[in-house]
Amino acid sequence: MEQDEIKELRSDDNDPLFDKTNMLCKTFPSDFRQIRYFTLLIVQSAPNEIKELNLLEQQISEVIKNAVKHGNHCDINKKVIVWYSFSPTHAHLIVQDEGEGFKDLEKWNDFNRKRLECLHKQNFEELTNYVSFRTKQSDEQDGGNALFAALEYWNGGFVYNGKRNGVAMLKKFQQKRHGVYTDGE
Amino acid sequence: MELKIRKNGDVYIIDVNGEMDLYNSYKLKELVMKMLEKNVKVFIINLEQVDYIDSSGIGALIYICSTIKKMNLKLSIANIHGSVKKVIELTKLMGYFPISNSVEEALLMVKE
């Protein structure tokens, strides 16, 4: 079996994914009850061909949830700003909150490295310790697995800003033309 | 999300119907914990009618699965499909969960 590629969370204010040119923007209060509704308001402007199996909605919902819950601690007075741009070949978003930033980024990378090692070795017993990333702030409702999926899903990059309270992400889609898949941009 | 329990011999099948999201996934976890208190030992979670799952739903399945594994009891998760399958694949947990393609296959798995 080939070694899995190690994808890591990183933070970089200068990453090109933070270029907001031509992106639309919406601002939401940090209302936990409305996370999926806010997500739908964003996703409704995406073309149907990239809304495959609700996955785009699900992945955007996770990032908005992180901003509302872990960034702004559901403080209704704090805002989440979402910049977004969609086409048949891409989904590009930037989600920013008013929180202190994701301080455990390095711990998460370390945890994920160990998780991938277990997967590589097919050591499912040991993997039990690495299926859910927990911090002091985690509660019972937190799955602790959203960022594992995010790093896989956002194949054009998933990067935090320097303060780590904003994250930019890009998903490239293959465009189906006459039954033939071509690479996204 | 709706949860229904049916019985096949000693096996308890939980049919989940709806979306397993951040607002309701805890219900499945709570139900399984209550069933464990009542000494249920063999579980099938049927996800045939689930078309949406998020990290909270995956988290609930992880919690249930690890609890049942620790107690040396039996579990199979049946009919994972569509975006649910995709999300589990993204988290690379397909090998972690005891998965079966149908309730019939799950019954064979847990009766082994």
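Conventions and cut-offs
Residues numbered from 1 in each chain as written. Chains lettered and ligands numbered in written order. Predicted model: local features only at pLDDT ≥ 70, side-chain atom pairs only at ≥ 80, totals over all residues. Helix = DSSP H or I, 4+ residues; strand = E, 2+ residues; numbered from the N terminus. Rg over C-alpha atoms; globule rule 2.2 N^0.38 Å. Buried ≥ 20, exposed ≤ 12 C-beta atoms within 10 Å, placed from the backbone. Contact = placed C-beta atoms within 7 Å. Pairing = 2+ DSSP bridges. Axes fitted to C-alpha atoms, helices over the stretch in contact; angles between N-to-C directions. Core = buried A, V, L, I, M, F, W, Y, C linked by C-beta atoms within 7 Å. Parallel < 35°, antiparallel > 145°, perpendicular 65-115°, else oblique. Left-handed = near helix turned anticlockwise from the far one by under 90°.

## Comments concerning the overall build of chain B
Now for step 1: Across its full length, chain B carries four helices and five strands.
Now for step 2: The C-alpha atoms of chain B give 13 Å as radius of gyration, which agrees with the globular expectation for 112 residues (13 Å, within 12%).
Now for step 3: In terms of overall dimensions, chain B has a C-alpha envelope of 30 × 25 × 25 Å along the principal axes.
Now for step 4: In chain B, buried positions account for 42% of the 112 residues.
Now for step 5: Residue pairs in contact within chain B that sit at least 24 positions apart in sequence constitute 72% of those at least 6 positions apart.

## Considerations on the environment of Asp-31 of chain A
Now for step 1: By the element assignment, Asp-31 of chain A lies in the loop between strand 2 (24-29) and helix 1 (35-43).
Now for step 2: Note: C-alpha distance between Asp-31 of chain A and Lys-136 of chain A (105 residues apart in sequence) is 22 Å.

## Looking at the environment of Leu-119 of chain A
Now for step 1: Positionally, Leu-119 of chain A belongs in helix 3 (residues 105-120).
Now for step 2: The spatial distance from the C-alpha of Leu-119 of chain A to the C-alpha of Ile-64 of chain A is 28 Å, given a sequence separation of 55 residues.

## With respect to the sheet that holds strand 1 (residues 10-11) of chain A
All names here are of chain A.
Now for step 1: Strand order in the open sheet formed by six strands is 1-5-6-4-3-2, with mixed pairing between adjacent strands. Among the strands making up the open sheet, the edge pair consists of strand 1 and strand 2.
Now for step 2: Both strand 1 and strand 5 (residues 157-160) contribute to a ladder of two bridges, which runs parallel. Opposite Ser-11, over in strand 5, you have Tyr-160 as the bridge partner.
Now for step 3: Against the sheet, helix 2 (residues 55-71) engages strand 3 (79-87), strand 4 (90-96) and strand 6 (166-172), with an angle of about 10° to strand 4.

## Focus on the interface of chain B and chain A
Now for step 1: On the chain A side, the residues contacting the 21 residues of chain B number 27 residues.
Now for step 2: Elements with a minimum of two residues in the side of chain B that touches chain A: helix 2 (55-70) and helix 3 (82-90) of chain B.
Now for step 3: It is helix 2 of chain B that provides the largest number of residues to the side of chain B that touches chain A, a total of six residues.

## So, unusual backbone geometry
Residues and elements named next belong to chain A.
Now for step 1: Although it is not a glycine, His-73 sits at a positive phi angle of roughly 50°.
Now for step 2: Mapped onto the secondary structure, His-73 falls in the loop between helix 2 and strand 3.
Now for step 3: Residue classification places His-73 among the partly exposed residues on the basis of 15 C-beta atoms within 10 Å.

## Structural notes on the pairing of strand 6 of chain A
Residues and elements named next belong to chain A.
Now for step 1: Burial analysis of strand 6 places six of its seven residues in the buried class, which makes it a mostly covered element.
Now for step 2: By the bridge criterion, seven bridges tie strand 4 to strand 6 in an arrangement that is antiparallel. Within the sheet, the bridge partner assigned to His-92 lies in strand 6 and is Leu-170.
Now for step 3: With four bridges connecting them, strand 5 and strand 6 associate as antiparallel partners. Each bridged residue has a counterpart across the sheet, and for Val-159 the counterpart in strand 6 is Ala-168.

## Focus: the sheet that holds strand 1 (residues 2-8) of chain B
Sheets are built from strands paired through backbone hydrogen bonds, the pairs being either parallel or antiparallel.
Now for step 1: In spatial order, the strands read 1-2-3-4-5 (chain B); together these five strands make up an open sheet with mixed pairing. The sheet terminates laterally at strand 1 and strand 5 (99-100) of chain B, the two strands that pair on one side only.

## Some words on the nonpolar core
Now for step 1: With 71 residues, the main nonpolar core has Ile-64 and Val-95 of chain A as its most contacted residues.
Now for step 2: If we ignore the near neighbours within four places in the chain, the residues touching Val-95 of chain A are Val-63, Ile-64, Ala-67, Val-80, Val-82, Gly-166 and Val-167 of chain A.

## Section: the environment of Glu-62 of chain A
Now for step 1: Residue position: Glu-62 of chain A is located in helix 2.
Now for step 2: On the neighbour-count criterion, Glu-62 of chain A (24 C-beta atoms within 10 Å) is buried.
Now for step 3: Glu-62 of chain A sits 39 residues away from Gly-101 of chain A along the chain, and the two C-alpha atoms are 16 Å apart.
Now for step 4: Excluding its chain neighbours within four sequence positions, the residues that come into contact with Glu-62 of chain A are Ala-146 and Ala-150 of chain A together with Asp-54 and Ser-55 of chain B.

## A closer look at the packing of helix 1 (residues 25-37) of chain B against helix 2 of chain B
All names here are of chain B.
Now for step 1: It is at 8 Å that the axes of helix 1 and helix 2 come closest, and there the two elements cross at 15°. Relative to helix 2, the element helix 1 lies roughly parallel. Here helix 1 and helix 2 pass one another in a crossing that is right-handed. Touching Ser-25, Tyr-26, Leu-28, Lys-29 and Val-32 of helix 1 are Ser-56, Gly-57, Gly-59, Ala-60, Tyr-63 and Ile-64, all from helix 2.

In short, geometric facts, not functional conclusions.
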